[in-house]
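# Working through the structure, step by step
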Amino acid sequence: MILEAKDLTFRYPCRRAAPVLKGVSLVLRTGERLGLSAPSGRGKTTLCKLLAGWEEPGRGQVMLDGGPLPRRGLCPVQLLWQHPEEAVDPLLKLRATLYEAGQPDPGVLEGLGVRESWLERYPSELSGGELQRICVARAMRPGVRFLLCDEISAMLDLVTQARMWRFLLGQAEQREMGLLIVSHDRALLERLCTRILDWEEVEGLGETRKVRQ
Amino acid sequence: MKNRRKSTLLLVIFAALALCLVALAGALMASGAGIADFTRKNLPPGWGHLFGTDWMGRDMLGRTLAGLSLSIRIGALTALLSGGLSLALGTACAVFGGWVDGCISWIVDLVMGIPHILLIILISVACGRGFWGVTLGVVLSHWTSLARLVREETLQLWQAPYIRMARQLGASQGEVFRKHLAPHLFPQFLTGVILQFPHAILHEASVTFLGFGLSPEQPAIGVILSESMGYLATGRWWLALFPGLSLVLVTALFAGVGERMRLLLAPASAQE
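Starting afresh in each chain, residues are numbered from 1 along the sequence in its written order. The lettering of chains begins at A and the numbering of ligands begins at 1, in the order of writing. Local features in a predicted model are, by the rule used here, given only for residues with pLDDT of at least 70; side-chain atom pairs are given and counted only at 80 or more, and totals for whole chains, interfaces and linings are based on all residues. Note that the side-chain values use all heavy atoms of the structure and ignore hydrogens as well as water.

## Details of the environment of Ala-76 of chain B
What counts, and what does not: Numbering of helices and strands runs from the N terminus, with a helix taken as a DSSP run of H or I at least four residues long and a strand as a DSSP run of E at least two residues long.
Examined against the element boundaries, Ala-76 of chain B turns out to sit in helix α2 (residues 60–96). Separated by 129 residues in the primary sequence, Ala-76 of chain B and Ala-205 of chain B have C-alpha atoms spaced 14 Å apart.

Right, here's the structure in full:
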């Protein structure tokens, strides 16, 4: 499967100023681990939102195998949110959150070190790292082909970080998923990814191509 | 022991009991309250008749209770109906957006632009006055502010990452509403509905007082008050004073409960 961003332009409706994204293009294949590094404020998170279908681009298209993203049912492209405390419903116990799309694989919970006792608590009673692991476990559904990891390990200590990435790389290989890993930690990307793009290579790629042609 | 949670709970229990008692007593006395007995007409308040009697010898305590009981029942019905209406239309605005939102928001602005009492009189007269005229009038004029609140809350929640997550994990709109939206909306909604009670009761009484609401043979507070106007000049002050005071008391009870609930459920003041 191929996830493709074609010449995306996007501006937030309330802001009249310049668009956040301008002519962004990107290709991600299953089985690939693509790293994207950029300084903050360039629109990495906005790009992830567009790729996952949370927002509609003003111009350009997000294509999954040449067609649009499905609007109903489980989306094959899952975004892992940077702030796990915002990605879980504060009024629900974590068991309900984790089972949102069905019962998770027991191997997944074990691999991520999610303890059974966490699931009887509310989000405010767990740390960011614990919540993030639950969010990752929640996204590990059979139909998922692409994971967009937007700075997902920034709040973890090094041991847990290493453990989570080892788990994610293993799962990506086993399930033949494509990973987009967004971070401004260049060293981390170099360890994890099969291909790394700088923001300059992503933004305005469409335009430079046109110029070259 | 002086914490708001406990005192609010006590107040709510007390108010609920008092209102139920009034509603029940009024309903039981409704048949007896209309009996005329000319041997005891125009008695001032005393031990036999705590609120006095009127020019037809009817016991004013009984009539007042029966009137309040009717008011409370109308208040409950209208609060529930207009609450349901505002929940449905408010969430529809936020979830469907586009022209649905535009249409409903336009109606909200339209209804809010007309003075309440005028709108109630218009609707009540158009529906043939009486119980349903008043009820529909109050329901159709009071759903707007709560609908606007629900719309804004839902709009904000709909953008929240955890709702987006639920959507990308395949939850349908109905599931999102049941699992994620409803628990968040409930506190504001409950407060809004309770605060609608006093409005409904006062409007019912005032429309009836003006002669566009309940019919004169019904034991309504508005009817009692408008009749008593003719006797005030002859010195029969008790005909207006006690029913009026009881109406104020019942309204204040509801408003107090609603206000306490608001303080308790609003995040900014919940911990005080």
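## A look at the side chain of Arg-164 of chain B
Worth spelling out the cut-off: Exposure classes here rest on a 1.4 Å probe applied to the protein chains alone. A residue is buried below 20% of its type maximum, exposed above 50%, and partly exposed in between. Positive charges come from Lys and Arg alone, negative charges from Asp and Glu alone, with His and the N- and C-terminal ends not counted. In what follows, salt bridge is the name for a side-chain nitrogen of Lys or Arg lying within 4 Å of a carboxyl oxygen of Asp or Glu. Here a residue-residue contact requires only that any non-hydrogen atoms of the pair lie within 4.5 Å.
Along the chain, the position of Arg-164 of chain B falls in helix α7 (residues 161–168). Despite its burial, Arg-164 of chain B pairs with no opposite charge; the closest candidate is Glu-55 of chain A, at 4.2 Å N-O. The contacts of Arg-164 of chain B, once residues within four sequence positions are left out, are Trp-54 and Glu-55 of chain A together with Trp-158 and Gln-159 of chain B.

## Here's the deal with a nonpolar patch on the surface
Residues and elements named next belong to chain B. What counts, and what does not: A patch consists of residues whose relative accessible area exceeds 30% and which take part in no salt bridge; residues with like charges are grouped when within 9 Å of each other, and nonpolar side chains (Val, Leu, Ile, Met, Phe, Trp, Tyr) when within 5 Å. The accessible surface values rely on the Shrake-Rupley method and a 1.4 Å probe; as for residues, cover is taken only from the protein chains in view.
Residues Ile-117, Leu-118, Leu-122, Phe-209, Leu-210, Met-229, Leu-232, Trp-237, Leu-241 and Leu-245 make up a contiguous nonpolar surface patch of roughly 920 Å² in combined accessible area. Put simply, the parts of the chain that give the nonpolar patch at least two residues each are α4 (116–126), α9 (221–232) and α10 (238–265). Broken down by element, the residue count for the nonpolar patch peaks at 3 residues, all from α4. Mapped onto the elements of the fold, Leu-118 is located in helix α4.

## What about the interface of chain B and chain A?
To keep things clear, this is the line we draw: We call two N or O atoms a polar contact when they sit within 3.5 Å, provided that within protein one can donate a hydrogen and the other can accept it, with sequence-adjacent residues counted only if both atoms are side-chain atoms.
If you look at the interface, chain B gives 15 residues, while chain A gives 23 residues. Across the contact surface, chain B and chain A share 1 salt bridge. Lys-179 of chain B is paired through a salt bridge with Glu-100 of chain A; the nearest N and O atoms lie 3.5 Å apart. Joining chain B to chain A, the criterion identifies 10 residue pairs in polar contact (both at pLDDT 80 or more). Looking at the side of chain B that touches chain A, the elements with two or more residues in it are α7 and α8 (173–209) of chain B. Ranked by the residues each element gives to the side of chain B that touches chain A, the list is headed by α7 of chain B, at 7 residues.

## Notes on the pattern of salt bridges
Counted under the stated rule, the structure contains 13 salt bridges over all chains. Linking Arg-195 of chain A and Glu-32 of chain A is a salt bridge whose minimum nitrogen-to-oxygen distance equals 2.8 Å. With Arg-195 of chain A in strand β8 (residues 195–198) and Glu-32 of chain A in the loop between β2 (21–29) and β3 (33–37), the pair connects residues that are 163 residues apart, well separated along the chain. Given the relative accessible area of 30%, Arg-195 of chain A is considered partly exposed. Since its relative accessible area comes to 13%, Glu-32 of chain A is described here as buried. Note that Asp-109 of chain B and Arg-148 of chain B form a salt bridge whose closest N and O atoms lie 2.3 Å from each other. Here Asp-109 of chain B is found in helix α3 (residues 98–113), whereas its partner Arg-148 of chain B is found in helix α6 (residues 144–158), with 39 residues between them in sequence.

## Considerations on the sheet that holds strand β5 (residues 77–80) of chain A
Residues and elements named next belong to chain A. Which entries qualify depends on this criterion: Pairing between two strands requires that DSSP report at least two bridges joining them. For helices, the fitted line uses only the C-alpha atoms of the stretch in contact; every axis is such a line through C-alpha atoms, and the angle between N-to-C directions lies from 0 to 180 degrees.
Here 5 strands make up an open sheet; going across it, the order is β5-β6-β7-β3-β8 and the pairing parallel. Since the sheet does not close on itself, it has two edges, and those belong to β5 and β8, each with one partner. Going across the sheet, the axis of each strand differs from the next one's by a mean of 15°, ignoring polarity. Bridging between β3 and strand β7 (residues 178–182) involves 4 bridges; their strand directions are parallel. Its bridge partner lying in β7, Gly-35 is registered against Ile-181.

## Re the pairing of β5 of chain A
Residues and elements named next belong to chain A. Residues Val-77 and Leu-79 line one face of β5 and the alternating positions Gln-78 and Leu-80 line the opposite face, and both faces are buried. Both β5 and strand β6 (residues 146–150) contribute to a ladder of 4 bridges, which runs parallel. By the bridge assignment, Val-77 is partnered in β6 with Phe-146.

## A look at the packing of α8 of chain B against α10 of chain B
All names here are of chain B. Note the cut-off: Oblique is the label for any angle not covered by the other classes, which are roughly parallel (under 35 degrees), roughly antiparallel (over 145) and roughly perpendicular (65 to 115). Here a crossing is called left-handed whenever its near helix is offset anticlockwise from the far helix by less than a right angle, and right-handed whenever the offset is clockwise. Ten residues, namely Ala, Val, Leu, Ile, Met, Phe, Trp, Tyr, Cys and Pro, are considered nonpolar, four, namely Asp, Glu, Lys and Arg, are considered charged, and the remaining ones, Gly among them, are considered polar.
Packing of α8 against α10 brings their axes to within 9 Å, and their N-to-C directions diverge by 165°. It follows from the interaxial angle that α8 and α10 lie roughly antiparallel. α8 and α10 meet at a crossing whose hand is left-handed. Residues Pro-187, Leu-190, Thr-191, Ile-194, Leu-195, Phe-197, Pro-198, Ile-201, Leu-202 and Ala-205 of α8 touch α10, and the partners they reach there are Leu-247, Val-250, Thr-251, Phe-254, Ala-255, Val-257, Gly-258, Glu-259, Met-261, Arg-262 and Leu-265. In the contact of α8 with α10, the residues fall into 16 nonpolar, 3 polar and 2 charged.

## A closer look at the sheet that holds strand β4 (residues 59–64) of chain A
Residues and elements named next belong to chain A. With antiparallel pairing, the 3 strands of this open sheet are ordered in space as β2-β1-β4. Both edges of this open sheet fall to β2 and β4, since each of them pairs with a single strand only. In this sheet, neighbouring strand axes are inclined to one another by 10° on average, regardless of whether the strands run parallel or antiparallel. The sheet contact formed by strand β1 (residues 2–10) and β4 spans 5 bridges and is antiparallel. Paired with Ala-5 across the two strands is Val-62, which belongs to β4.

## Details of the environment of Glu-203 of chain A
Residue and element names in this part refer to chain A. Mapped onto the elements of the fold, Glu-203 is located in the loop between α7 (199–202) and α8 (205–212). On the accessibility criterion, Glu-203 (28% relative accessible area) is partly exposed. Between the alpha carbons of Glu-203 and Asp-7 there is a distance of 8.5 Å; along the sequence they are 196 residues apart. Apart from the residues lying within four places of it in its own chain, the contact partners of Glu-203 are Val-20, Leu-21, Lys-22, Gly-23 and Val-24. Here the side chain of Glu-203 touches Lys-22 through a polar contact of 3.3 Å, landing on its backbone nitrogen.

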